[in-house]
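Coordinates in review
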2 protein chains.
Amino acid sequence: MPTYKAPVEDVLFLLNDVFNIERYNNLPGFADATPDTLAAILGEGAKLCEEVLQPLNRVGDLEGCRRHDDGRVTTPKGFKAAYDAFAQGGWIGLSADPEYGGQGLPYTLGAVMNEFASSANMAFSMYPGLTMGAIAALLVHGSEEQKKTYLPKMIEGSWSGTMNLTEPHCGTDLGLIKTKAVPNGDGSYAISGTKIFISAGEHDLTENIVHLVLARIEGAPEGVKGISLFVVPKFLVNPDGSLGARNGVACGSIEHKMGIHGNATCVMNYDGARGWLVGAENKGLNAMFVMMNEARLGVAIQGLSQSEVAYQNAVAYAKERLQGRSLTGPKSPEKPADPILVHPDVRRNLMAIKAFNEAARALVLWTALKADVAHRSDNQGDRQAADDHMGLLTPVLKGVLTDVGFDNAVKAQQIYGGHGYIAEWGMEQFVRDARIAMIYEGANGIQALDLVGRKLPRDGGRAVMAFFNELGTFVAENAGDDAMKPFVRPLEVALGHLQQATMWFMQNAMAKPDNAGAGSHDYMHLFGLVALGYMWARMAKVALAKKADGAHMNGEAARMDAKLLTARFFMERMLPETGAHLARISTGADTMMAMPAEMF
Amino acid sequence: MPTYKAPVEDVLFLLNDVFNIERYNNLPGFADATPDTLAAILGEGAKLCEEVLQPLNRVGDLEGCRRHDDGRVTTPKGFKAAYDAFAQGGWIGLSADPEYGGQGLPYTLGAVMNEFASSANMAFSMYPGLTMGAIAALLVHGSEEQKKTYLPKMIEGSWSGTMNLTEPHCGTDLGLIKTKAVPNGDGSYAISGTKIFISAGEHDLTENIVHLVLARIEGAPEGVKGISLFVVPKFLVNPDGSLGARNGVACGSIEHKMGIHGNATCVMNYDGARGWLVGAENKGLNAMFVMMNEARLGVAIQGLSQSEVAYQNAVAYAKERLQGRSLTGPKSPEKPADPILVHPDVRRNLMAIKAFNEAARALVLWTALKADVAHRSDNQGDRQAADDHMGLLTPVLKGVLTDVGFDNAVKAQQIYGGHGYIAEWGMEQFVRDARIAMIYEGANGIQALDLVGRKLPRDGGRAVMAFFNELGTFVAENAGDDAMKPFVRPLEVALGHLQQATMWFMQNAMAKPDNAGAGSHDYMHLFGLVALGYMWARMAKVALAKKADGAHMNGEAARMDAKLLTARFFMERMLPETGAHLARISTGADTMMAMPAEMF
C-alpha cells in the first residue's frame, strides 16, 4: 500500500528562503504568515492529509461512487467523515474572505494545501476543491444577497459547489451551449438542459449543492456572447437561510471512468430548475474566465501532486527491492542482490521526477504569490504585473505540470516492474488518476493555444516581455558568478530558444495562423522548461548562499547539496530539450495541413 | 464503441514493394508467399480479428477473468469460442514445423497476424501468443519425445502453453530463482515453488496447459548458472497421448491489474509437480534466451498494435466531432462547428502517431524477415547476419515500440477530450492495456541495458557495424537524388548522432560502466529513431519510384503522396530528437550517481 508524507520542509524552503514570503506582509492576510505560523499551519494540514485522506485513497478507487435509483449518489466509505474533518479544520475557507467566515490567509497557503490533499487523495480533494472554485466565482461576481446566502454555508463546509459547463456536443467550444434559461418573472430563471462531466455534481457529503451553470437566456445572441452564469441550488434556500424545496436538477447517471473513482462525475439534468443570474446577462463566459486562472492552477497542482506521491513510493521501493548488482560491483554484498537504487537507469528516472517536482512546486508557489498580489495589493502597478504573470503562466502551468505529472507517474510505476501493474500496489492508480488532469479544465491542447493565441499577444506582449525581462536580468546579474555558471549558462541558452520561438511566431503566424497552432504544444513545453529552469537557478542561488553562510543545522548543508545536484541534473538532462522544441516549432504547419482528411 | 480495421494494404505495400518478399522464395515456406496468396491469407486473418476478436475486447475488459474456489479460472464470455475459431483457422501453427501439424509459412506472416490480433484484442491474443512461444521453445530445445508429445496438440490448439520465470522476490534478476527441482529417479523431477505474473497460467480455453518452468535442480550452482528449464503439464500425459492425472500445479490466485483484464495473470503454486528437463541441465537460461528474441518482438508488436487501434479510432473521432472553427476560417460553414481534424494541434498528434505506426510496422517486418532468414536459410553467412540483426534490433524494438506505443495511445485518448477518460468509449482501455508491454518480457530499462551492455559490444561490435554500414550505404547511394534529399539528409544527421553516441560509450563506459547505464535509455530511443528514419527513407524511395512509374490505379498515387508527406513529417518533427538524446548521453552518470540515497 502506498504511503505519503507531505513535503512541508520543501515548501518552507521555498516560501521562506526562495520567495521570502515575509516581504509580502503588507498584504491582507500575510501579516500572520511568519515562518513559525507557516510551519504550524502546514504541519496541521500535512497531518490531516497523511492520516485521514491518504488512507482513503485506495478505498475510494476500489469502491467508487454509486448512483441509486432515486438519483442519490453515495461516496466511498469514510469520505463523509473526512469531508467533515476537512471542513472543521477550516481548510475550505482557508483563504476566503473573513466577512463570510473565511480565514483570510494567503491563497498561496491554499495552493500548498491543495497539493498535499491531492497527493493524499486526488478524488477526494476535488469535493472541497470545486467548492472553493465556486466560492471564488461568487465572491467576485455574485450579488451581495447571493454572497450572504451561499458563501458562509459553503465556507463552513455544510454546502458544496460545482461548475456546470460541458454539454454532450460541446466541451471546448462553449459557444455551442444549448442549456436554456427562461425568465420566471420573479427575478429567477427556469434552467433546462443537460450538462455532462460534472465533477461532484451529486453526492452525500453536504446538505446542499450549489451549482454554477452556464446557460443561454432565451433570445440571447448566438455563440459565446450569449452565455450567462446562474446559481442553481440543489435545494432552494428559504429567506431565513434554511433549506426549502428540492430544485428541478438531478443526477441522471454517473460515469465509469479510468480513474478518480472516488469522485462522482455526473450527468446533470436541469428541468426547469430555478436559477439566479450571477453577474451580468450574457457575460457568463467573462465570469468564468476570471476564476479560470485559479481553477487551472488547481489542476496544474493535481499534476504535480500525483508526480510527487508516485515519486515518494517509487523511491521507497527502489531502496527496498533487491535485484541485480551495481555495474561497479556489489554495494550490498551481504544481501542476495543490491537495492535497485544503485542502477543508473533507476536513478535517472527518479532524478528526472525529483527535478521536475521541486521546480514545479516552486513555479506553483511563485505564481500563487502573484495571485495574492493581484487580488490583495493596493498598488495598481503591482496588481497589473501580477495579473499579467498569472495570465501568462497559467496555461503553461496547467499544460506542463499535468503532461509531465502524468509522465512521471508512469515513470514511477515503471520502477516497480510487474508490481507497478498490479492494483494492490497502488502505483497504477496514480497513473489513472493523473490522466484526467491533462483533459479537464481545458484540454492541454487548448492551454497551448490559449498561451500562443491569446496570452502572448495580449496588451502588445506586455506579459511575455516582463517575463523575458525578469529572466534576462537574473541571467545578467548572475553571469559573473562562477558558482552559478552551471545554472545560469544553460538558462541563458534556453531563454534564447524561447525568445527565438516567440519571434518565429511573430514573423510566421500572423499571415498563417496554422503555424501558431502547429507549434503551440512545443511552445508551451519550451516555455515550461525555461520557467522551471529559472526556478532551479533561483533555488541554486539560495542553496549556494545558505552553504556560504555555513548553515549546517539539521542536515541543512546536505539538503542544499541535494538541491544543487538536482539543479545540475535539470540543467544537464532536461533543459536542453528546448532546442528540439524550437526546431519543431520552426518547421511550421505545412506538412501536417497538407494531408488530405481521407488519408489519415 | 471502438472499431478496428486491419491495415492489410499497408502490410502488402511493405512486404511486396518495400521488402520484396518474393526474393526470399528460396527459403522453406516462402515459395507460396506470392502477392495473391499473401493478400488472401492476410484478408482471412483480418476478418477473424475484426469480426470475432475485436467485439470481445471490451467484454474482456469489463468481465475479466475469475478464479473459483477450486482453483479453476474462467475467461470472459466468448473467449472460448474465439479461441476455437483462432485454432481452427490454423493461426496458432501458422509458421510452425509441418512435421508437427504446423503450416510452415513464414514467421513474418505470423508477426503480421500478431499485430492484427493484438490490435483487435490484446488480452485475448496473449493466450495463443504464449502458446506459440512455448511451441518455439520446445521446437528448439525439446527432445524428440517431448516434441511428439506436446507440439501437435499445442499447434492444433487443444493444449496451450505458458512461460514461468518470475518469482515474488525475483523478476529481472533470474539468478535469485528459488523454485526447486528434485530428481524422482525415473527421469522426471519434482518441481516445487511459487511463480508469479504467469500470463494464461490457468484458464478454460484448452484441455491441457503446458507450463515451461525455470527451476533450480538440487545442488545446482548458485545464480543464473544453476537454472534449468522444465516442461510441466497441468494434466500428465499418458503414453498413448491421452490425458492422465492432474499434476501438482495449481493457480493460487489471479492478479487485479491495470489492464489486459481478459488475460488471467496467475500466481502458480508448484507442489512436487512432475516435470521433465528441457535441454541440458543448468542451461535453462540459454534455452530461454533463444526464444526471447521472438517473445520480445511479440511484445514490441503489442506496443504497435495499441498505437494503431487507438489511432484509427482517434482519426474517426476527429472527423466526426464538431468543435470550434479552423484558424483559417470555417471549413464546414454549414455545420455548427468544424470537425476537429481542421485544428493543427489535432493533426500534429495524429500525424505523429501515423508516422510512428507505419515505420514501426516496417521495422517489425524487416526484422521478422531476418528471423526467417536466421532460422530457414541454408547460407551460413546469411543466417549469421540475420541473427546479428535480430539480436541488435530486438531490444530496440521492444523498448521503443512499447514506450512510444503507450505514449501514442495516450495521445489518441487525448483527441477525445473528456470522452477519452470514460470507459464506454474504449480509449482508456487501450492506454491501460498498452501499459503492460513496457514492463513484461524484460522491463524497458533492461532492454536498454541489454542493447548497450551486451548487444553493442558482442562479437567486437559486428552487428552494429553491419547496421551502420547498411544505413551509410543507403545514404551514400541516395544522397545525389534531389527528390530523396528531404529524407536522406536528416537520416544522415541522425545516423551521425547515433555513431557519436556509440563512440562516446566506447570511450567513456569501459572505465566507468555507470556511464553506459546512465545513457542506455536515451541510446535505445536514439537507435530507434534512426532505425525508424531508415524505414521512412526506404518507404519514401519506393513511393517516389511508384509515382514515377505512373501508378495511378486504386488511388495508389494518393497513397504514395500520403507516404511522402508522413515521411516528411517524421523527418521534420520526430527524427531531430536524436540531438537531444546524444546531448543527454554525453553528460554521463556523475550527477545522478552523486546523489546520496537518503536525499532522494
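Source: prediction; values computed, not measured. (Residues numbered from 1 in each chain as written. Chains lettered and ligands numbered in written order. Predicted model: local features only at pLDDT ≥ 70, side-chain atom pairs only at ≥ 80, totals over all residues. Heavy atoms only, no water.)

The next thing to look at is the UniProt feature "domain: Acyl-CoA dehydrogenase/oxidase N-terminal" (unreviewed entry) in chain A. In the numbering adopted here, UniProt assigns the feature "domain: Acyl-CoA dehydrogenase/oxidase N-terminal" (unreviewed entry) to residues 80–157 of chain A. Secondary structure across residues 80–157 of chain A comprises 72% helix and 0% strand; the distance between its end C-alpha atoms is 11 Å. (UniProt positions renumbered as here; feature names shortened; annotations may be inferred. Helix = DSSP H or I, 4+ residues; strand = E, 2+ residues; numbered from the N terminus.)

Bringing the interface of chain A and chain B into the picture now. In this complex, chain A contributes 87 residues to the contact, which on the side of chain B involves 87 residues. Between chain A and chain B, a total of about 7700 Å² is buried, with carbon and sulfur atoms accounting for 63% of that surface. For the pair chain A and chain B, the interface holds four salt bridges. Between A:Arg584 and B:Glu577 there is a salt bridge whose closest N-O contact spans 3.2 Å. Per-element tally for the side of chain A that touches chain B: the top contributor is helix 16 (residues 556–574) of chain A, with nine residues. Of the residues contributing to the side of chain A that touches chain B, the split by class is 42 nonpolar, 22 polar and 23 charged. (Contact = heavy atoms within 4.5 Å. Buried area = accessible area lost by both parts, 1.4 Å probe. Salt bridge = Lys/Arg side-chain N within 4 Å of Asp/Glu carboxyl O. Nonpolar A, V, L, I, M, F, W, Y, C, P; charged D, E, K, R; others polar.)

Moving on: unusual backbone geometry. Both trends apply: most residues other than glycine have a negative phi, and most peptide bonds are in trans. Residues and elements named next belong to chain B. Positioned with a positive phi, Phe197 is a non-glycine residue whose angle comes to about 60°. Looking at where Phe197 falls in the secondary structure, it is placed in strand 5 (residues 189–199). Positive phi, close to 35°, is recorded for Ile260, a residue that is not glycine. Here Ile260 shows up in the loop between strand 10 (249–254) and strand 11 (265–278). With a relative accessible area of 2%, Ile260 lands in the buried category. (Buried < 20%, exposed > 50% of the residue type's maximum accessible area, 1.4 Å probe, protein only.)

Scanning the entire structure with this criterion turns up 64 salt bridges over all chains. Across the pair B:Lys563 and B:Asp10 runs a salt bridge, and its minimum N-O distance is 2.5 Å. Placement of B:Lys563 in helix 16 (residues 556–574) and of B:Asp10 in helix 1 (residues 8–18) is noted, with a sequence separation of 553 residues between them. Salt-bridge contacts for B:Arg462 lead to B:Asp388; the nearest nitrogen and oxygen are separated by 2.7 Å. With B:Arg462 in helix 13 (residues 458–478) and B:Asp388 in helix 10 (residues 380–415), the pair connects residues that are 74 residues apart, well separated along the chain. Classification of B:Asp388 by relative accessible area gives buried; the value is 10%. In the salt-bridge network here, residues are joined through shared partners; they are A:Asp522, A:Arg573, A:Glu577, A:Arg584, B:Asp522, B:Arg573, B:Glu577 and B:Arg584.

Another aspect to go through is the relation of the copies chain A and chain B. Both copies of the chain are related by one operation, a rotation about an axis with a shift along it. Expressed as a screw operation, the relation of chain A to chain B combines 0.0 Å of axial shift with a rotation of 180°, fitting to an RMSD of 0.0 Å. Both chain copies can therefore be described as sitting about a two-fold axis. When C-alpha distances to the rotation axis are compared across chain A, the minimum falls at A:Ala580, with a value of 3.4 Å. With an isologous cut-off of 70% or more, the 100% of interface residues of chain A that recur at the interface of chain B puts this contact in the isologous class. (Least-squares fit on C-alpha atoms with pLDDT ≥ 70 in both.)

Further remarks concern the environment of B:Pro128. Residue and element names in this part refer to chain B. Take Pro128: it is sitting in helix 6 (residues 122–141). On a C-alpha basis, the gap between Pro128 and Ser160 in space is 7.2 Å, while along the polypeptide they are 32 residues apart. Apart from the residues within four sequence positions on either side, Pro128 is in contact with Tyr83, Phe86 and Ile92.

Before going further, it helps to examine the nonpolar core. Counting residues in hydrophobic clusters, the biggest one holds 428 residues, and the most contacted among them are A:Phe467, A:Tyr523, B:Phe467 and B:Tyr523. Each residue touching B:Tyr523, except ones within four places of it in the same chain, is listed here: B:Leu451, B:Val452, B:Leu456, B:Val464, B:Leu498, B:Ala501, B:Thr502, B:Phe505 and B:Ile585. (Core = buried A, V, L, I, M, F, W, Y, C linked by side-chain atoms within 4.5 Å.)

Okay, the pairing of strand 11 of chain B next. Residues and elements named next belong to chain B. Pairing of strand 5 with strand 11 involves nine bridges; the strand directions are antiparallel. For Ser199, the partnering residue across the bridge sits in strand 11 and is Thr265. Summarising the sheet, strand 7 (residues 228–233) and strand 11 pair through three bridges and their orientation is antiparallel. Across the sheet, Val231 pairs through a bridge with Trp276, a residue of strand 11. For strand 10 and strand 11, the ladder comprises five bridges, and the chain directions are antiparallel. When the bridges of strand 11 are listed, Val249 appears paired with Tyr270. (Pairing = 2+ DSSP bridges.)

The next thing to look at is helix 15 (residues 514–548) of chain B. Residue and element names in this part refer to chain B. Between its terminal C-alpha atoms helix 15 stretches 51 Å, which fits the 51 Å expected from 35 residues at 1.5 Å a residue. In the structure, helix 15 departs most strongly from a straight axis at Ser520, where the bend amounts to approximately 50°. Of all 35 residues that make up helix 15, 29 are buried, and the element is covered over most of its length. Just beyond helix 15, the residue with positive phi is Gly550, at close to 75°. (Expected span 1.5 Å × (residues − 1). Bend = angle between axes of the 7 residues up to and from the residue.)

What follows is about the packing of helix 15 of chain B against helix 17 (residues 578–587) of chain B. All names here are of chain B. Direction vectors running N to C along helix 15 and helix 17 enclose 155°, while the axes themselves pass 9 Å from each other. As far as their axial angle goes, helix 17 and helix 15 are roughly antiparallel. Every pair of crossing elements has a handedness; the one defined by helix 15 and helix 17 is left-handed. Residues Gly519, Asp522, Tyr523, His525, Leu526, Leu529 and Val530 of helix 15 lie in contact with helix 17, whose contacting residues are Thr578, His581, Leu582, Arg584 and Ile585. Broken down by class, the residue content of the contact of helix 15 with helix 17 amounts to six nonpolar, four polar and two charged. (Axes fitted to C-alpha atoms, helices over the stretch in contact; angles between N-to-C directions. Parallel < 35°, antiparallel > 145°, perpendicular 65-115°, else oblique. Left-handed = near helix turned anticlockwise from the far one by under 90°.)

Residues and elements named next belong to chain A. Once the domains are mapped, chain A shows domain 1 (287–453) and domain 2 (459–592). Using C-alpha coordinates to define each centre, domain 1 is positioned 17 Å away from domain 2. Contact residues are listed per partner, giving 28 residues for domain 1 and 30 residues for domain 2. Carbon and sulfur atoms supply 79% of the area buried between domain 1 and domain 2, which totals about 2400 Å² over both sides. Taken as a group, Trp366, Leu392 and Val452 account for 22% of the area that domain 1 buries against domain 2, more than any other trio of residues on that side. Counting across the interface, domain 1 meets domain 2 through five residue pairs in polar contact (both at pLDDT 80 or more). (Domains from an automatic or database assignment. Polar contact = N/O pair within 3.5 Å; in protein donor to acceptor, adjacent residues only side chain to side chain.)

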